[in-house]
Every structure is written in structure tokens, then in C-alpha cells.
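These are the residues of each chain, in order.
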Amino acid sequence: MSSIHRAVLRQAEATPESRLPPGIQPLPRPPAMGRAVELAFLRWEKRDLVSTENFWRDFGLHIVSRSADALVARGTGTSACISIATKGRVNRFVGPAFRMSDGTDLERFVRDMGARPIPPDRIPGGGRGVELADPAGRSVWLLQGQTPVDALPVREPLVADMNTAFFAPRVNRTIRAPLEPAQVVRLGHVVMQTVDFPRLADWYQRVLAIIPTDVQYLADGSPALAFFRLDLGDQPADHHTVVIVGGIEEKYEHSAYEVVDLDALGQGQQVLRAQGHRHMWGIGRHVLGSQLFDYWIDPDGFEYEHYTDGDLFTADFETAYSPLEFGGIWAWGDDAPASMKPRKTVGTLLRVLGLLRRKAITPQRLKLLGEALDAPARPWA
Ligand SMILES: [Fe+2]
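Residues numbered from 1 in each chain as written. Predicted model: local features only at pLDDT ≥ 70, side-chain atom pairs only at ≥ 80, totals over all residues. Heavy atoms only, no water.

### Let's talk about the pairing of strand β8 (residues 128–133)
Looking along a regular strand, one sees the side chains alternate between the two faces of the sheet.
Piece 1. Note that strand β7 (residues 116–117) and β8 share two bridges and pair antiparallel. Of the residues in β8, the one forming a bridge with R116 is E131.
Piece 2. Relative to strand β9 (residues 139–144), β8 is paired through six bridges, and the arrangement is antiparallel. Residue pairing across strands places G129 opposite L143, the latter belonging to β9.
Piece 3. In sequence, β8 turns back onto β9 through a hairpin of five residues, with G137 there showing a positive phi of about 90°. (Pairing = 2+ DSSP bridges. Helix = DSSP H or I, 4+ residues; strand = E, 2+ residues; numbered from the N terminus.)

Right, here's the structure in full:
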């Protein structure tokens with residue numbers, strides 16, 4: 001018998017913050033000015049609202065209103081709006097809007113950070129709010145007093161009726177998930193890349209009181225990626241609502257939308273494929289956050305994620321640290337596409353040279369980031 005090469009699979013281990021070895025730097029936790037209780041909606045500027053609307057419908061969003069200048073969509077949950085696109089000259093992610101706790105003093109952001117009141121007629125779902133610019137120049141809305149709407153009907157999850165080797169409730173019955181767009185229940189999270197990771201992580205923690213659930217560090221022990229959850233006290237919050245990724249540009253990475261269950265994810269994929277949309281990655285399961293995921297690309301190149309079965313944590317759960325590795329993004333499923341990494345093009349090279357010249361990034365950090373992304377993800381990948 002010939003000898004067979006046995007490839008070794010491994011998974012990076014996470015370390016709780018209280019047991020961090022000396023070489024790994026904890027992520028600084030600044031005092032917060034307010035507390036976010038929900039990622040309310042995302043704002044977009046789009047040249048073509050019709051193609052955006054078609055994608056949103058096939059992706060499982062519900063269109064609330066549409067005019068020549070604006071498109072508003074919701075999920076089946078109780079938020080009046082989870083996404084707004086206004087007609088503009090460029091296609092861009094304008095920024096996120098957060099619902100803040102009743103105890104948050106919005107005036108403080110006006111006094112201390114130069115926030116500006118938002119005209120109430122611009123806020124879908126009503127209420128009041130202020131607008132801030134984050135360090136990357138994105139417009140961030142902080143809102144209070146939104147009126148919840150009635151939830152839309154959505155089918156029951158099929159999970160409770162799932163047969164396993166040890167528990168089989170489904171006898172003389174079948175499982176038939178409807179072939180329809182994956183009904184989006186709510187907006188889950190937004191991921192943003194930045195050149196200045198410490199600065200953006202500090203800013204969002206200060207403004208929103210978000211808690212790092214998982215932090216990933218480079219080989220020199222410096223944090224370079226953080227998954228933040230909302231501080232909802234004893235109430236469970238998603239593993240992450242905001243993710244900040246250190247990289248080589250200021251960029252929207254993706255936003256994620258919770259669907260009813262795995263069968264919705266699968267049937268929704270078939271609908272999006274049938275309508276000719278661009279599939280990106282999935283179905284698979286993430287490691288940090290544990291979600292079952294499926295990634296799509298909208299007509300203007302922006303990434304959207306369907307997910308289900310994510311982890312939940314209360315505010316007291318300890319922050320964990322793990323090494324940043326490309327292969328650590330997914331537990332199983334399709335291999336992550338190369339498009340998730342910076343393309344090795346002349347454009348990328350020029351951008352990197354510009355960053356080095358401006359001293360926005362050190363050669364050492366760039367090298368460590370490159371090593372983290374280029375480490376072989378799987379023996380076959
Ligand atoms: Fe995600």
C-alpha cells in the first residue's frame with residue numbers, strides 16, 4: 001500500500017482577555033458617550049434605483065416606498081426601515097444609523113463632537129437624531145424615538161421540526177421550504193475596513209458603547225480586527241453588530257441580514273441565482289459569530305450577506321482574542337473567494353505605496369497583514 005499524505009486541519013484557539021499572554025495587546029476600551037441599542041438602517045447613494053430595488057426584492061427586503069429620488073426598504077421585523085437609497089451621482093455607502101438608548105444624551109454629541117441635528121422629515125420611522133462624521137468621513141446617524149411598526153407575517157422556522165440521529169419529531173411528514181426570496185427579518189451587522197484600525201475602533205466604541213466580543217491580532221500581537229456587539233445588559237445581543245477590519249483602504253465591506261432559517265438561506269440562494277444576481281460566497285458557517293452564511297453582490301458591486309443561527313452574548317461575556325488568519329473566517333463550506341482579499345493589481349500597489357509615503361501604515365504592519373491574509377487557509381485552498 002502506498003503511503004498517503006494526511007493533511008492536517010487545525011482551528012485557531014481563542015484566549016479570554018483575562019488570560020492574554022504578555023505579547024498580545026488588549027484592545028483599548030475608551031469611556032462611551034452614548035449607548036447604541038440597535039443598528040437601525042444603512043444609507044446608500046445610488047445612480048440607478050431601479051436595479052437596486054430589483055436586487056433588494058430578490059434578496060428578500062420589503063419595499064416600503066419608492067420615488068424618483070428615494071427607495072426605502074424594511075424587513076419583516078418591527079423596524080420601519082432597514083435600508084435607504086437616494087438617487088445620486090455616484091454609487092456609495094453613505095453610512096449607518098443607530099438607535100440609541102433612551103438614556104443617551106444626543107445633545108452631548110452636538111456639544112462635544114460637532115454633531116448636527118437631522119431634519120425629522122429625513123428620518124424614516126420618525127423620531128429625532130443627530131449626524132456625525134466618523135474618522136473615515138462616513139455619515140453616522142444617532143437616533144431616538146423611532147416608532148416601531150407591526151411585524152409582517154413570515155413562516156415559522158423549520159429547525160424545531162428537524163430530525164437528527166437522536167431526536168426525530170418528524171414522522172409521516174415531509175420538509176418543504178417554500179421556493180421564495182429569503183425573507184429578511186432584520187438588519188444584523190455592518191463591516192467596515194479602515195487603514196487606521198485603532199482610531200476607528202476607538203471612535204465607534206466611544207460613540208456607541210459597543211463591546212468587543214472577539215479581537216484578532218497580527219503576529220506582533222497588535223489588534224487588527226474586532227467584532228463588536230451592542231451593550232444590551234442582560235439581554236442577549238448578536239455576537240457582532242459592527243465589525244472593524246484593519247486594511248489598506250477606507251471601505252464598506254458588507255452588511256448582513258438575518259433570515260428565518262437555513263432552508264430560507266438555501267431557497268433564497270436559488271431565487272437570487274435564477275434572477276441572475278452575482279453570487280459571492282456560501283453556503284458555509286462562520287467561526288467568529290457562528291452564523292450560517294451566504295454572500296451576494298448587488299448590481300453596483302456592494303456585498304450583502306444572508307445569515308441565520310448566529311451566536312448571542314450578554315454584556316458581561318468576556319472578550320476573546322485569536323490570531324488573524326484568512327482561513328479563520330469560515331468553519332466549513334465553500335472556500336472563501338480570493339476577491340475577499342485585496343487584489344494584487346497595479347491599483348493596489350499604488351494605493352499601498354501612497355499609504356507608506358503618507359506614513360498611514362508602517363512597512364512592518366503591511367507585511368504582517370499580508371502574512372495573515374496569505375497564510376494557506378486549508379491544505380487544498
Ligand atoms: Fe458578516
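### Overview of the environment of R138
Piece 1. On the secondary structure map, R138 appears in the loop between β8 and β9.
Piece 2. In sequence terms R138 and E250 are 112 residues apart; their C-alpha atoms lie 9.5 Å from each other.
Piece 3. Within the local environment of R138, its side chain forms a polar contact with the side chain of D134, the two groups lying 2.8 Å apart. (Polar contact = N/O pair within 3.5 Å; in protein donor to acceptor, adjacent residues only side chain to side chain.)

### A closer look at a nonpolar patch on the surface
Piece 1. Together, V346, L349, L350 and L353 make up a nonpolar patch on the protein surface, roughly 400 Å² of accessible area in all.
Piece 2. In this structure L353 comes out as partly exposed when scored by relative accessible area, which is 40%. (Patch = residues over 30% accessible without salt bridge, like charges linked within 9 Å, V, L, I, M, F, W, Y side chains within 5 Å. Areas by Shrake-Rupley, 256 points an atom, 1.4 Å probe, with all protein chains shown as cover. Salt bridge = Lys/Arg side-chain N within 4 Å of Asp/Glu carboxyl O. Buried < 20%, exposed > 50% of the residue type's maximum accessible area, 1.4 Å probe, protein only.)

### Things to note about the coordination of the iron ion
Piece 1. Those donors, H189 (NE2), H254 (NE2) and E305 (OE), are the protein atoms that reach the iron ion, and they lie 2.0 to 2.2 Å from it.
Piece 2. When the donor residues of the iron ion are listed from N- to C-terminus, their spacing reads H-x64-H-x50-E. Of this pair, H254 sits in strand β15 (residues 251–259) while E305 sits in strand β18 (residues 303–308), placing them 51 residues apart in sequence. The pair formed by H254 and E305 is uniform in burial state, with each residue classed as buried. (Donors = N, O, S within 2.8 Å, 3.2 Å for Na, K, Ca; no water.)

### Focus: the layout of surface pockets
Piece 1. Of the pockets and cavities examined, the largest pocket occupies roughly 1,400 Å³.
Piece 2. Lining the largest pocket are 49 residues; nearest its centre among them are Q193, M340, K341, P342 and L373.
Piece 3. Here the element with the most residues in the lining of the largest pocket is helix α6 (residues 363–374); it accounts for five residues.
Piece 4. Considering only residue class, the lining of the largest pocket consists of 22 nonpolar, 15 polar and twelve charged. (1 Å grid on protein atoms, 1.4 Å probe; cavity = no way out; pocket = protein on both sides within 12 Å on 5 of 7 lines; lining within 4 Å. Points joined across faces, edges and corners; volume = space filled by probe spheres on them. Nonpolar A, V, L, I, M, F, W, Y, C, P; charged D, E, K, R; others polar.)

### Considerations on the UniProt feature "domain: VOC" (unreviewed entry) in the chain
Piece 1. UniProt marks residues 186–309 with the feature "domain: VOC" (unreviewed entry), using the numbering shown here.
Piece 2. Within the segment residues 186–309, helix and strand shares are 20% and 48% respectively, and the terminal C-alpha atoms sit 13 Å apart. (UniProt positions renumbered as here; feature names shortened; annotations may be inferred.)

### Details of α6
Piece 1. Here α6 contains twelve residues, and its C-alpha end-to-end distance of 16 Å stays within 8% of the 16 Å for a straight helix at 1.5 Å per residue.
Piece 2. All buried positions along α6 are accounted for by R365, L366, L368, L369 and A372. Seen along its axis, α6 keeps its buried residues to an arc of 165°; they face one direction.
Piece 3. Buried-residue contacts for α6 involve α3 (197–208), β12 (223–229), β14 (242–246) and α5 (346–357). (Expected span 1.5 Å × (residues − 1). Arc of directions from axis to C-beta. Contact = heavy atoms within 4.5 Å.)

### So, unusual backbone geometry
What is expected of a backbone is that most residues other than glycine have negative phi and most peptide bonds are trans.
Piece 1. Put simply, G282 and I283 share a cis peptide bond, and its omega is 5°.
Piece 2. Residue position: I283 is located in strand β16 (residues 278–286).
Piece 3. Of note, N172 is a non-glycine position whose phi angle comes to about 60°, a positive value.
Piece 4. Along the chain, N172 falls in the loop between β9 and β10 (184–194).
Piece 5. A positive phi is found at D309, a non-glycine position, where the angle reads about 60°.
Piece 6. Structurally, D309 is set in the loop between β18 and β19 (312–313).
Piece 7. Residue D309 is classed as partly exposed on the basis of its relative accessible area of 42%.

### Thoughts on the nonpolar core
Piece 1. The biggest cluster of nonpolar side chains holds 62 residues, and the ones touching the most others in it are F98, F109, L142, Y204 and L208.
Piece 2. In terms of residue count, α3 provides more of this core than any other element does, seven residues in total.
Piece 3. What F109 contacts, discounting residues up to four positions off in sequence, is M33, G34, M100, T104, G114, A115, V130, L132, L142 and V207. (Core = buried A, V, L, I, M, F, W, Y, C linked by side-chain atoms within 4.5 Å.)

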